[in-house]
Amino acid sequence: MSKKSLIPIILLSFLAGWSQSQIIPDNAKLLKTVAARGQAEVVITVSGVDDIRRLSRDYSIRSTGEKVVSLLLSPLTVERFISEGKSYLLKEEPVIKGEMTAVSLTEAMVWDTYPTFTQYDSIMHSFASLYPSLCMLDTIGMSINGKPVFVLKISDNCLTDESEPEVFYSSSIHGDETGGMIMMLRLSDYLLRNCTTDSRVKNLVDNLEIWINPLANPDGTYRNGDVISSPVRFNTAGYDLNRNFPDPEGPQVTLQKETIDMIRFMSERRFVLSANFHSGEEVVNYPWDRWPYEHADDDWFYTVSREWADTVHLHSPQGYMDYLDNGVTRGWEWYSIFGGRQDYVTYSLYGRELTVEIDEDYITPVSELDDLWEYNYRSMLGYFENALFGIRGRITGFYDGKPVPAAIVVEGHDRDNSHVVSDTASG
(Lines give C-alpha, C1' and ligand atoms only; values in the text may rest on other atoms or scores of the structure.)
Protein backbone atom coordinates (compact mmCIF):
# COMPACT_ATOMS: atom_id res chain seq x y z
CA MET A 1 0.00 0.00 0.00
CA SER A 2 1.36 3.40 -0.94
CA LYS A 3 1.55 6.08 1.74
CA LYS A 4 -0.85 8.40 -0.08
CA SER A 5 -3.62 5.77 0.13
CA LEU A 6 -3.51 5.82 3.92
CA ILE A 7 -5.19 9.22 4.22
CA PRO A 8 -8.51 8.35 2.52
CA ILE A 9 -8.60 4.97 4.26
CA ILE A 10 -8.07 6.54 7.67
CA LEU A 11 -10.70 9.18 6.88
CA LEU A 12 -13.25 6.60 5.75
CA SER A 13 -12.55 4.42 8.78
CA PHE A 14 -12.99 7.44 11.06
CA LEU A 15 -16.29 8.36 9.43
CA ALA A 16 -17.55 4.79 9.68
CA GLY A 17 -17.30 5.12 13.45
CA TRP A 18 -19.44 8.23 13.58
CA SER A 19 -23.11 8.12 14.30
CA GLN A 20 -25.51 9.91 11.95
CA SER A 21 -26.21 12.55 14.60
CA GLN A 22 -22.51 13.47 14.80
CA ILE A 23 -22.41 14.53 11.13
CA ILE A 24 -23.91 18.00 10.77
CA PRO A 25 -24.88 18.84 7.18
CA ASP A 26 -24.20 22.34 5.85
CA ASN A 27 -26.40 22.53 2.78
CA ALA A 28 -25.64 26.20 2.12
CA LYS A 29 -21.92 25.46 1.97
CA LEU A 30 -22.55 22.39 -0.20
CA LEU A 31 -24.57 24.42 -2.72
CA LYS A 32 -21.96 27.17 -2.72
CA THR A 33 -19.16 24.68 -3.35
CA VAL A 34 -20.98 23.09 -6.29
CA ALA A 35 -21.78 26.50 -7.77
CA ALA A 36 -18.19 27.70 -7.45
CA ARG A 37 -16.23 24.55 -8.33
CA GLY A 38 -18.70 22.62 -10.47
CA GLN A 39 -18.76 19.66 -8.10
CA ALA A 40 -18.51 18.66 -4.45
CA GLU A 41 -17.52 15.43 -2.72
CA VAL A 42 -19.57 14.19 0.21
CA VAL A 43 -19.06 11.13 2.39
CA ILE A 44 -22.07 9.27 3.79
CA THR A 45 -22.57 6.09 5.78
CA VAL A 46 -24.18 3.04 4.14
CA SER A 47 -25.72 -0.16 5.43
CA GLY A 48 -24.31 -2.59 2.88
CA VAL A 49 -23.89 -3.63 -0.74
CA ASP A 50 -27.55 -3.16 -1.64
CA ASP A 51 -27.41 0.41 -0.36
CA ILE A 52 -24.32 1.12 -2.46
CA ARG A 53 -25.96 -0.43 -5.53
CA ARG A 54 -29.02 1.78 -5.08
CA LEU A 55 -26.90 4.90 -4.65
CA SER A 56 -24.99 4.00 -7.81
CA ARG A 57 -28.18 4.31 -9.86
CA ASP A 58 -28.70 7.92 -8.78
CA TYR A 59 -25.26 9.35 -8.03
CA SER A 60 -21.65 9.22 -9.15
CA ILE A 61 -19.73 7.13 -6.62
CA ARG A 62 -16.11 8.16 -6.26
CA SER A 63 -14.90 5.62 -3.70
CA THR A 64 -16.21 3.13 -1.17
CA GLY A 65 -15.23 1.87 2.25
CA GLU A 66 -16.67 -0.85 4.46
CA LYS A 67 -19.50 1.30 5.80
CA VAL A 68 -19.13 4.59 3.93
CA VAL A 69 -19.34 5.87 0.37
CA SER A 70 -17.92 9.00 -1.23
CA LEU A 71 -20.27 10.64 -3.73
CA LEU A 72 -19.39 13.35 -6.23
CA LEU A 73 -22.27 15.77 -6.73
CA SER A 74 -22.78 18.08 -9.69
CA PRO A 75 -25.26 20.91 -10.29
CA LEU A 76 -27.47 18.22 -11.78
CA THR A 77 -27.63 16.04 -8.64
CA VAL A 78 -26.92 18.23 -5.61
CA GLU A 79 -30.47 19.43 -4.95
CA ARG A 80 -31.85 15.91 -5.19
CA PHE A 81 -29.23 14.76 -2.71
CA ILE A 82 -30.13 17.55 -0.28
CA SER A 83 -33.84 16.76 -0.59
CA GLU A 84 -33.21 13.21 0.63
CA GLY A 85 -32.02 14.55 3.97
CA LYS A 86 -28.93 12.39 4.28
CA SER A 87 -26.28 13.21 6.85
CA TYR A 88 -22.92 13.79 5.19
CA LEU A 89 -19.43 15.18 5.53
CA LEU A 90 -18.33 17.68 2.87
CA LYS A 91 -14.74 17.02 1.76
CA GLU A 92 -12.47 19.86 0.72
CA GLU A 93 -11.35 19.84 -2.92
CA PRO A 94 -7.57 20.29 -3.43
CA VAL A 95 -6.36 23.57 -4.88
CA ILE A 96 -4.80 23.17 -8.33
CA LYS A 97 -1.51 25.03 -8.60
CA GLY A 98 -0.56 26.93 -11.74
CA GLU A 99 2.99 25.59 -11.99
CA MET A 100 1.67 22.31 -13.39
CA THR A 101 1.01 23.98 -16.76
CA ALA A 102 3.60 23.87 -19.55
CA VAL A 103 4.90 27.30 -20.57
CA SER A 104 5.52 26.22 -24.17
CA LEU A 105 4.68 23.49 -26.66
CA THR A 106 8.26 22.21 -26.42
CA GLU A 107 7.97 21.87 -22.65
CA ALA A 108 4.57 20.19 -22.96
CA MET A 109 6.06 17.49 -25.21
CA VAL A 110 8.58 16.47 -22.56
CA TRP A 111 5.49 14.92 -20.89
CA ASP A 112 6.17 16.07 -17.31
CA THR A 113 3.68 18.97 -17.27
CA TYR A 114 0.10 19.47 -18.40
CA PRO A 115 -0.53 21.26 -21.69
CA THR A 116 -2.94 24.09 -22.18
CA PHE A 117 -5.80 23.12 -24.46
CA THR A 118 -4.19 25.18 -27.23
CA GLN A 119 -0.96 23.22 -26.77
CA TYR A 120 -2.90 19.94 -26.69
CA ASP A 121 -4.53 20.86 -30.01
CA SER A 122 -1.09 21.63 -31.48
CA ILE A 123 0.42 18.38 -30.17
CA MET A 124 -2.29 16.28 -31.77
CA HIS A 125 -1.89 18.08 -35.10
CA SER A 126 1.90 17.78 -34.91
CA PHE A 127 1.74 13.99 -34.64
CA ALA A 128 -0.18 13.82 -37.91
CA SER A 129 2.04 16.35 -39.68
CA LEU A 130 5.34 14.83 -38.53
CA TYR A 131 4.32 11.24 -39.34
CA PRO A 132 1.83 11.51 -42.23
CA SER A 133 2.24 7.90 -43.36
CA LEU A 134 1.78 6.52 -39.83
CA CYS A 135 -0.63 8.87 -38.10
CA MET A 136 -3.98 10.40 -38.99
CA LEU A 137 -5.82 12.93 -36.80
CA ASP A 138 -9.59 12.66 -36.58
CA THR A 139 -12.32 13.86 -34.25
CA ILE A 140 -14.86 11.69 -32.48
CA GLY A 141 -17.05 14.76 -32.23
CA MET A 142 -17.28 18.12 -30.50
CA SER A 143 -18.03 18.73 -26.84
CA ILE A 144 -21.06 20.74 -25.77
CA ASN A 145 -18.80 23.80 -25.48
CA GLY A 146 -17.36 23.21 -28.95
CA LYS A 147 -14.00 21.63 -28.06
CA PRO A 148 -12.86 18.85 -30.42
CA VAL A 149 -12.66 15.35 -28.99
CA PHE A 150 -9.53 14.30 -30.86
CA VAL A 151 -8.50 10.77 -31.77
CA LEU A 152 -5.34 9.54 -33.49
CA LYS A 153 -5.12 6.56 -35.80
CA ILE A 154 -1.65 4.99 -35.81
CA SER A 155 -0.89 2.26 -38.34
CA ASP A 156 1.57 1.48 -41.13
CA ASN A 157 -1.03 2.58 -43.70
CA CYS A 158 -2.97 5.05 -41.60
CA LEU A 159 -4.96 6.55 -44.48
CA THR A 160 -6.26 3.16 -45.59
CA ASP A 161 -8.99 1.21 -43.80
CA GLU A 162 -7.16 -2.12 -43.73
CA SER A 163 -8.53 -5.49 -42.72
CA GLU A 164 -6.60 -5.52 -39.46
CA PRO A 165 -7.71 -5.79 -35.83
CA GLU A 166 -8.59 -2.39 -34.43
CA VAL A 167 -7.76 -1.39 -30.84
CA PHE A 168 -8.69 1.72 -28.86
CA TYR A 169 -7.31 3.55 -25.82
CA SER A 170 -9.24 6.46 -24.32
CA SER A 171 -8.66 8.58 -21.22
CA SER A 172 -10.15 11.25 -19.00
CA ILE A 173 -13.83 10.62 -19.61
CA HIS A 174 -13.79 11.99 -16.06
CA GLY A 175 -12.34 15.44 -16.61
CA ASP A 176 -10.53 15.65 -13.26
CA GLU A 177 -8.63 12.38 -13.77
CA THR A 178 -5.71 13.73 -15.71
CA GLY A 179 -2.76 11.33 -15.56
CA GLY A 180 -4.10 9.09 -18.32
CA MET A 181 -4.25 12.03 -20.73
CA ILE A 182 -0.49 12.49 -20.53
CA MET A 183 0.07 8.73 -20.76
CA MET A 184 -1.94 8.61 -24.01
CA LEU A 185 -0.02 11.53 -25.52
CA ARG A 186 3.26 9.96 -24.53
CA LEU A 187 2.20 6.54 -25.84
CA SER A 188 1.33 8.09 -29.21
CA ASP A 189 4.73 9.77 -29.31
CA TYR A 190 6.46 6.53 -28.28
CA LEU A 191 4.78 4.45 -30.99
CA LEU A 192 5.53 6.97 -33.72
CA ARG A 193 9.13 7.56 -32.69
CA ASN A 194 10.01 3.89 -32.31
CA CYS A 195 8.07 2.02 -34.97
CA THR A 196 11.10 1.77 -37.29
CA THR A 197 13.68 0.86 -34.64
CA ASP A 198 11.84 -1.23 -32.04
CA SER A 199 10.61 -4.63 -33.26
CA ARG A 200 7.83 -4.84 -30.68
CA VAL A 201 6.44 -1.45 -31.63
CA LYS A 202 6.85 -2.18 -35.35
CA ASN A 203 4.86 -5.39 -34.99
CA LEU A 204 1.99 -3.48 -33.38
CA VAL A 205 1.97 -0.62 -35.89
CA ASP A 206 2.29 -2.97 -38.89
CA ASN A 207 -0.44 -5.40 -37.84
CA LEU A 208 -3.01 -3.32 -35.94
CA GLU A 209 -5.01 -0.17 -36.42
CA ILE A 210 -4.38 1.69 -33.17
CA TRP A 211 -6.74 4.49 -32.12
CA ILE A 212 -5.87 6.77 -29.18
CA ASN A 213 -8.17 9.38 -27.63
CA PRO A 214 -6.23 11.19 -24.87
CA LEU A 215 -9.07 13.43 -23.70
CA ALA A 216 -12.69 12.23 -23.89
CA ASN A 217 -14.15 15.05 -21.76
CA PRO A 218 -12.38 18.30 -22.69
CA ASP A 219 -15.10 20.49 -21.12
CA GLY A 220 -14.55 18.78 -17.77
CA THR A 221 -10.75 18.99 -17.85
CA TYR A 222 -10.53 22.53 -19.24
CA ARG A 223 -13.61 23.78 -17.43
CA ASN A 224 -12.25 27.29 -16.85
CA GLY A 225 -10.67 27.91 -20.24
CA ASP A 226 -7.27 27.09 -21.72
CA VAL A 227 -5.54 25.92 -18.52
CA ILE A 228 -6.33 23.03 -16.19
CA SER A 229 -7.21 25.03 -13.08
CA SER A 230 -10.48 23.66 -11.71
CA PRO A 231 -11.31 20.43 -13.57
CA VAL A 232 -14.47 18.46 -12.82
CA ARG A 233 -15.54 14.88 -13.29
CA PHE A 234 -18.64 15.85 -15.25
CA ASN A 235 -19.35 17.33 -18.65
CA THR A 236 -20.57 20.89 -18.90
CA ALA A 237 -24.19 19.78 -18.35
CA GLY A 238 -23.27 18.08 -15.07
CA TYR A 239 -23.44 14.46 -16.31
CA ASP A 240 -20.95 11.75 -15.40
CA LEU A 241 -20.14 10.51 -18.90
CA ASN A 242 -19.03 7.13 -17.56
CA ARG A 243 -22.57 6.58 -16.22
CA ASN A 244 -24.23 7.85 -19.40
CA PHE A 245 -24.17 4.85 -21.75
CA PRO A 246 -27.28 2.77 -22.48
CA ASP A 247 -27.67 0.05 -19.86
CA PRO A 248 -30.12 -2.88 -20.04
CA GLU A 249 -30.68 -2.72 -16.27
CA GLY A 250 -29.75 0.83 -15.35
CA PRO A 251 -31.97 3.90 -15.18
CA GLN A 252 -32.98 5.67 -18.38
CA VAL A 253 -30.56 8.55 -18.92
CA THR A 254 -30.38 11.52 -21.26
CA LEU A 255 -27.53 10.64 -23.58
CA GLN A 256 -25.09 13.53 -23.79
CA LYS A 257 -23.55 14.81 -27.00
CA GLU A 258 -20.15 13.41 -26.04
CA THR A 259 -21.74 9.99 -25.38
CA ILE A 260 -23.69 9.95 -28.63
CA ASP A 261 -20.55 10.82 -30.58
CA MET A 262 -18.49 8.16 -28.77
CA ILE A 263 -21.14 5.49 -29.40
CA ARG A 264 -21.22 6.36 -33.10
CA PHE A 265 -17.43 6.27 -33.37
CA MET A 266 -17.03 2.96 -31.53
CA SER A 267 -19.95 1.38 -33.40
CA GLU A 268 -18.33 2.23 -36.73
CA ARG A 269 -14.94 0.83 -35.74
CA ARG A 270 -16.01 -2.25 -33.72
CA PHE A 271 -12.79 -2.50 -31.74
CA VAL A 272 -11.44 -5.93 -30.88
CA LEU A 273 -9.88 -4.61 -27.67
CA SER A 274 -10.15 -1.32 -25.81
CA ALA A 275 -9.26 0.27 -22.49
CA ASN A 276 -10.57 3.31 -20.66
CA PHE A 277 -8.07 5.08 -18.37
CA HIS A 278 -9.05 6.62 -15.03
CA SER A 279 -7.56 7.77 -11.73
CA GLY A 280 -8.70 7.49 -8.13
CA GLU A 281 -7.28 4.04 -7.45
CA GLU A 282 -4.60 1.74 -8.82
CA VAL A 283 -6.30 -1.34 -10.19
CA VAL A 284 -7.33 -3.02 -13.46
CA ASN A 285 -11.11 -3.41 -13.50
CA TYR A 286 -12.88 -5.86 -15.85
CA PRO A 287 -16.54 -6.79 -16.62
CA TRP A 288 -19.03 -6.92 -15.35
CA ASP A 289 -19.61 -3.65 -13.55
CA ARG A 290 -23.39 -4.02 -13.39
CA TRP A 291 -24.02 -7.76 -12.87
CA PRO A 292 -22.85 -9.72 -9.81
CA TYR A 293 -21.69 -12.73 -11.81
CA GLU A 294 -18.86 -13.64 -14.13
CA HIS A 295 -18.56 -12.83 -17.81
CA ALA A 296 -18.41 -15.89 -20.07
CA ASP A 297 -14.78 -14.99 -20.82
CA ASP A 298 -13.93 -14.31 -17.19
CA ASP A 299 -10.78 -16.45 -17.35
CA TRP A 300 -9.48 -14.43 -20.28
CA PHE A 301 -10.37 -11.10 -18.66
CA TYR A 302 -8.61 -12.12 -15.46
CA THR A 303 -5.55 -13.30 -17.39
CA VAL A 304 -5.03 -10.08 -19.35
CA SER A 305 -5.75 -7.97 -16.26
CA ARG A 306 -3.33 -10.05 -14.21
CA GLU A 307 -0.69 -9.67 -16.92
CA TRP A 308 -1.14 -5.88 -16.85
CA ALA A 309 -0.75 -5.65 -13.07
CA ASP A 310 2.07 -8.22 -12.83
CA THR A 311 4.06 -6.43 -15.53
CA VAL A 312 3.55 -3.17 -13.64
CA HIS A 313 4.85 -4.79 -10.45
CA LEU A 314 8.13 -5.65 -12.19
CA HIS A 315 8.78 -1.97 -12.90
CA SER A 316 7.26 -0.10 -9.96
CA PRO A 317 7.93 0.20 -6.22
CA GLN A 318 6.10 -1.97 -3.72
CA GLY A 319 2.65 -0.59 -3.02
CA TYR A 320 1.78 0.53 -6.54
CA MET A 321 -1.28 -1.11 -8.15
CA ASP A 322 -1.81 -3.60 -5.34
CA TYR A 323 -5.44 -2.71 -4.55
CA LEU A 324 -8.02 -5.50 -4.09
CA ASP A 325 -6.70 -8.70 -5.74
CA ASN A 326 -3.16 -7.34 -5.97
CA GLY A 327 -4.14 -4.89 -8.67
CA VAL A 328 -7.12 -6.49 -10.43
CA THR A 329 -10.85 -6.77 -9.78
CA ARG A 330 -14.18 -7.60 -11.35
CA GLY A 331 -16.11 -4.37 -11.39
CA TRP A 332 -19.10 -5.49 -9.35
CA GLU A 333 -16.85 -6.95 -6.63
CA TRP A 334 -15.50 -3.45 -6.08
CA TYR A 335 -18.83 -1.62 -6.45
CA SER A 336 -21.56 -1.75 -9.07
CA ILE A 337 -22.09 1.01 -11.60
CA PHE A 338 -24.71 1.44 -14.31
CA GLY A 339 -24.28 3.10 -17.69
CA GLY A 340 -20.52 2.58 -17.75
CA ARG A 341 -18.59 2.49 -21.00
CA GLN A 342 -16.81 -0.75 -20.19
CA ASP A 343 -20.01 -2.78 -19.97
CA TYR A 344 -21.57 -0.98 -22.93
CA VAL A 345 -18.63 -1.88 -25.18
CA THR A 346 -18.49 -5.45 -23.94
CA TYR A 347 -22.25 -6.12 -24.00
CA SER A 348 -23.69 -3.93 -26.74
CA LEU A 349 -20.75 -3.71 -29.16
CA TYR A 350 -19.44 -7.27 -28.58
CA GLY A 351 -16.00 -5.90 -27.76
CA ARG A 352 -13.65 -6.46 -24.84
CA GLU A 353 -12.86 -3.44 -22.65
CA LEU A 354 -10.91 -2.90 -19.44
CA THR A 355 -11.04 0.07 -17.09
CA VAL A 356 -7.50 0.87 -15.93
CA GLU A 357 -7.16 3.00 -12.81
CA ILE A 358 -3.55 4.20 -12.94
CA ASP A 359 -3.18 6.57 -9.99
CA GLU A 360 -4.76 7.10 -6.57
CA ASP A 361 -4.39 10.85 -7.11
CA TYR A 362 -7.16 12.09 -9.35
CA ILE A 363 -4.87 14.81 -10.64
CA THR A 364 -1.44 13.24 -10.90
CA PRO A 365 1.25 15.66 -9.63
CA VAL A 366 3.58 16.67 -12.45
CA SER A 367 6.52 15.28 -10.47
CA GLU A 368 4.98 11.79 -10.77
CA LEU A 369 3.98 11.75 -14.44
CA ASP A 370 7.28 10.22 -15.54
CA ASP A 371 6.95 7.48 -12.91
CA LEU A 372 3.42 6.71 -14.05
CA TRP A 373 4.69 6.17 -17.60
CA GLU A 374 7.57 3.98 -16.48
CA TYR A 375 5.25 1.78 -14.44
CA ASN A 376 2.61 1.29 -17.16
CA TYR A 377 3.87 1.65 -20.72
CA ARG A 378 4.97 -1.99 -21.10
CA SER A 379 1.51 -3.11 -19.99
CA MET A 380 -0.05 -0.74 -22.52
CA LEU A 381 1.93 -2.42 -25.30
CA GLY A 382 1.26 -5.90 -23.93
CA TYR A 383 -2.51 -5.43 -23.85
CA PHE A 384 -2.46 -4.31 -27.49
CA GLU A 385 -0.68 -7.55 -28.40
CA ASN A 386 -3.67 -9.61 -27.28
CA ALA A 387 -5.46 -8.41 -30.42
CA LEU A 388 -2.97 -10.44 -32.47
CA PHE A 389 -3.77 -13.73 -30.75
CA GLY A 390 -6.65 -16.18 -31.14
CA ILE A 391 -8.77 -17.41 -34.02
CA ARG A 392 -8.84 -15.10 -37.02
CA GLY A 393 -10.40 -15.18 -40.47
CA ARG A 394 -13.10 -13.81 -42.78
CA ILE A 395 -16.72 -14.73 -43.31
CA THR A 396 -17.80 -14.41 -46.93
CA GLY A 397 -20.65 -15.62 -49.13
CA PHE A 398 -20.20 -19.08 -50.66
CA TYR A 399 -21.20 -17.98 -54.17
CA ASP A 400 -20.14 -14.36 -54.47
CA GLY A 401 -17.27 -14.18 -51.95
CA LYS A 402 -18.64 -10.93 -50.50
CA PRO A 403 -18.43 -10.11 -46.78
CA VAL A 404 -21.29 -11.48 -44.69
CA PRO A 405 -22.39 -9.97 -41.36
CA ALA A 406 -22.39 -12.81 -38.87
CA ALA A 407 -22.18 -13.71 -35.20
CA ILE A 408 -19.46 -16.13 -34.11
CA VAL A 409 -20.69 -18.14 -31.15
CA VAL A 410 -19.05 -20.86 -29.08
CA GLU A 411 -21.88 -23.22 -28.19
CA GLY A 412 -22.20 -23.97 -24.51
CA HIS A 413 -19.90 -21.07 -23.64
CA ASP A 414 -21.19 -17.71 -24.84
CA ARG A 415 -23.90 -15.83 -22.94
CA ASP A 416 -24.92 -12.22 -22.31
CA ASN A 417 -23.67 -11.09 -25.73
CA SER A 418 -20.20 -12.52 -25.19
CA HIS A 419 -20.08 -13.69 -28.83
CA VAL A 420 -18.30 -11.59 -31.46
CA VAL A 421 -19.51 -10.28 -34.80
CA SER A 422 -17.79 -10.01 -38.15
CA ASP A 423 -16.88 -6.71 -39.76
CA THR A 424 -19.57 -5.96 -42.33
CA ALA A 425 -17.08 -4.18 -44.62
CA SER A 426 -14.39 -6.87 -44.85
CA GLY A 427 -15.94 -9.99 -43.32
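So, a few notes on the structure that sits alongside this text.

How each quantity is defined
- Residues numbered from 1 in each chain as written.
- Predicted model: local features only at pLDDT ≥ 70, side-chain atom pairs only at ≥ 80, totals over all residues.
- Heavy atoms only, no water.
- Axes fitted to C-alpha atoms, helices over the stretch in contact; angles between N-to-C directions.
- Helix = DSSP H or I, 4+ residues; strand = E, 2+ residues; numbered from the N terminus.
- Left-handed = near helix turned anticlockwise from the far one by under 90°.
- Contact = heavy atoms within 4.5 Å.
- Nonpolar A, V, L, I, M, F, W, Y, C, P; charged D, E, K, R; others polar.
- Pairing = 2+ DSSP bridges.
- Buried < 20%, exposed > 50% of the residue type's maximum accessible area, 1.4 Å probe, protein only.

Quick look at the packing of helix H10 (residues 257–269) against helix H14 (residues 341–348)
Any two packed helices are characterised by the angle at which their axes cross and by the distance between the axes.
1) Next: Closest axis-to-axis distance for the H10/H14 pair is 12 Å, and the angle between their directions is 35°. By crossing handedness, the relation of H10 to H14 is classed as right-handed. Together, Met262, Ile263, Met266 and Ser267 of H10 and Arg341, Tyr344 and Val345 of H14 make up the contact between the two elements.
2) Next: Of the residues belonging to the contact of H10 with H14, the class tally is 5 nonpolar, 1 polar and 1 charged.

Some remarks on the sheet that holds strand E2 (residues 60–64)
1) Next: Pairing in this open sheet of 4 strands is antiparallel, and the strands run E2-E3-E1-E4 from one edge to the other. Taken across any chain shown, the strands that pair with only one partner, and hence form the sheet edges, are E2 and strand E4 (89–91). Neighbour to neighbour, the strand axes of the sheet diverge by 30° on average, direction disregarded.
2) Next: With 6 bridges joining them, strand E1 (residues 40–45) and strand E3 (residues 68–73) adopt antiparallel strand pairing. Along E3, the bridge assignment pairs valine 43 with serine 70.
3) Next: Contacting E1, E3 and E4, helix H2 (residues 27–37) crosses the sheet at an angle of about 140° to E1.

Some thoughts on the environment of leucine 255
1) Next: Mapping leucine 255 onto the fold places it in the loop between helix H9 (218–221) and H10.
2) Next: Looking at leucine 255, the relative accessible area reads 32%, which means it is partly exposed.
3) Next: When the C-alpha atoms of leucine 255 and tryptophan 334 are compared, they prove to be 25 Å apart, with 79 residues separating the residues in sequence.
4) Next: Every residue in contact with leucine 255, bar those within four places of it in the chain, is listed here: Asn244, Phe245, Pro246, Ile260 and Ile263.

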